[in-house]
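Okay, here's what each chain looks like letter by letter:
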Amino acid sequence: MIEADAREDLLVRGYSRRQLGRIAALIGGGAMLAPLADAAQAQSNAARGVAGAVQIGANECWTGPFPEAAAAAAQILAQGNRYDPGDHRGALLKTVAAVEQVPEERILAWPGSGDPLVRSVISFCSPTRGLVTADPTFESAWRAATWLGAPLAKVPMQPGKGADVRAMLRANPDAGLYYICTPNNPTGTVTPIADIAWLLANKPAQSVVLVDEAYLHFSDAPSALPLAAARGDVVVMRTFSKLFGMAGMRLGLTFAHPDLHKKMMRYDGQQVTGTLPMTAVACGNAAYPMADAIRARRAEMIAVREATVARLARHDLRVHPNSQANMIMVDWKTRKAAEMQAALLARKVQIGRSWPIWPTVSRVTIGSVADMRAFNDAVDAVLA
Ligand SMILES: Cc1ncc(COP(=O)(O)O)c(C=O)c1O
């Protein structure tokens, strides 16, 4: 059921009454339409580990939460009968506000960041207000836009570079949403804050910019959070699924002006953000301020990433430069990515997928030292 004011807003944004019915079905928990459901299923299959294989396909962390954070989660388990014993959700928001220096009223916590990502597309796009993204990038926004019937513009990325914000604005000068993933999944490349600021300064006032910082903790790049703290047209997303090692626990954050958050929440009255898994909330609250541990984990990942890339130099392939995240893009040149993925899986190494724009390039997540040694050994064997 879509409330009257939201219905009015959607009609103004160019929806037909028939399309409103489809949105109500999507957001209200009704059956998803088949193409969207199939694509989502494909992604969740990709994230599922193959038993017994080295799992470097889903950009997860190679290890679990920081031990102190895991202990905080374990401690709250016995109170699992309570929705939120003692306002742990409020404590998390206070912690995040203090660490990031963003007003608490601009922060929401979610069960992961996948929900607010798709919700942003549904909230700010329409059949007349499109979505603009780089290509390749994390695809779930594409599927939501396609389902909505919103125009979708994909702007090619140059290997080794961030999003081309000027080309993004040219591709649709009046989009509902510009999505920038930085560091980008799958390239790991960073879009400079100056470019994001340029896009904000030059886009129409009613367009929203979504900055997905899922991998930011793996880099030294500055955050777009000061923009979300000061403006009314930017959403910044974070997740605990990557460096914090909590992908299966489900916790994410958005930072935005309360009016933008209100638009994203209008369909379910904050049901999703109001009740979260308390084990994840306690774990995230303990982990978020652990600056030294975050830095150490980042340094560990970078060392393993550089060693992996150095060993790949034995072969006639090309690693795209400048990844600042826990992934690399390996161009097998003469071989299709899907073929290499299957050949490596046969050797019990599960690497990531490829994107249609670069069919010979695979995304490989940086795992532990042992994971990456197994990966390099398998590549040596397959390409021998
Ligand atoms: C760029 C990006 N954004 C968002 C997500 C969603 O992750 P989660 O829902 O686990 O926070 C992912 C997952 O891989 C991602 O790569």
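Residues numbered from 1 in each chain as written. Predicted model: local features only at pLDDT ≥ 70, side-chain atom pairs only at ≥ 80, totals over all residues. Heavy atoms only, no water.

(A) Representation of the sheet that holds strand β9 (residues 318–319) in the model. An order of β9-β10-β12 is seen for the 3 strands of this open sheet, with the pairing classed as antiparallel. Strands at the two margins of the open sheet, each flanked by one partner only, are β9 and β12 (361–365). Direction of pairing for strand β10 (residues 327–331) relative to β12: antiparallel, over a ladder of 5 bridges. If you follow Val330 over to β12, its bridge partner there is Ser362. (Pairing = 2+ DSSP bridges. Helix = DSSP H or I, 4+ residues; strand = E, 2+ residues; numbered from the N terminus.)

(B) Main features of unusual backbone geometry. With an omega dihedral of -10°, the bond running from Thr182 to Pro183 counts as a cis peptide bond. Structurally, the position occupied by Pro183 is in the loop between β5 (177–181) and α9 (193–202). In this structure, Pro186 follows Asn185 across a cis peptide bond, with omega equal to 25°. Tracing the backbone shows Pro186 in the loop between β5 and α9. If you check the backbone angles, Asn322 has positive phi at about 75° while not being a glycine. You can see Asn322 is positioned in the loop between β9 and β10. Positive phi, normally seen in glycine, also occurs at Lys333, with a value near 65°. Here Lys333 lies in the loop between β10 and α15 (337–346).

(C) The arrangement of the pairing of β10 in detail. Most of β10 sits inside the fold, with 5 of its 5 residues counted as buried. In β10, alternate side chains face the same way, and those of Met327, Met329 and Asp331 on one face and Ile328 and Val330 on the other are all buried. (Buried < 20%, exposed > 50% of the residue type's maximum accessible area, 1.4 Å probe, protein only.)

(D) How the structure looks around the sheet that holds strand β8 (residues 252–255). The 7 strands are arranged β2-β8-β7-β6-β5-β3-β4 in an open sheet whose pairing can be described as mixed. Two strands lie at the open edges of the sheet, namely β2 (107–110) and β4 (152–156), each paired on one side alone. Ignoring which end each strand starts from, the neighbouring axes of this sheet average 20° apart. Bridge count for strand β6 (residues 208–212) against strand β7 (residues 234–239) is 4 bridges, and the pairing is parallel. If you follow Asp212 over to β7, its bridge partner there is Met237. (Axes fitted to C-alpha atoms, helices over the stretch in contact; angles between N-to-C directions.)

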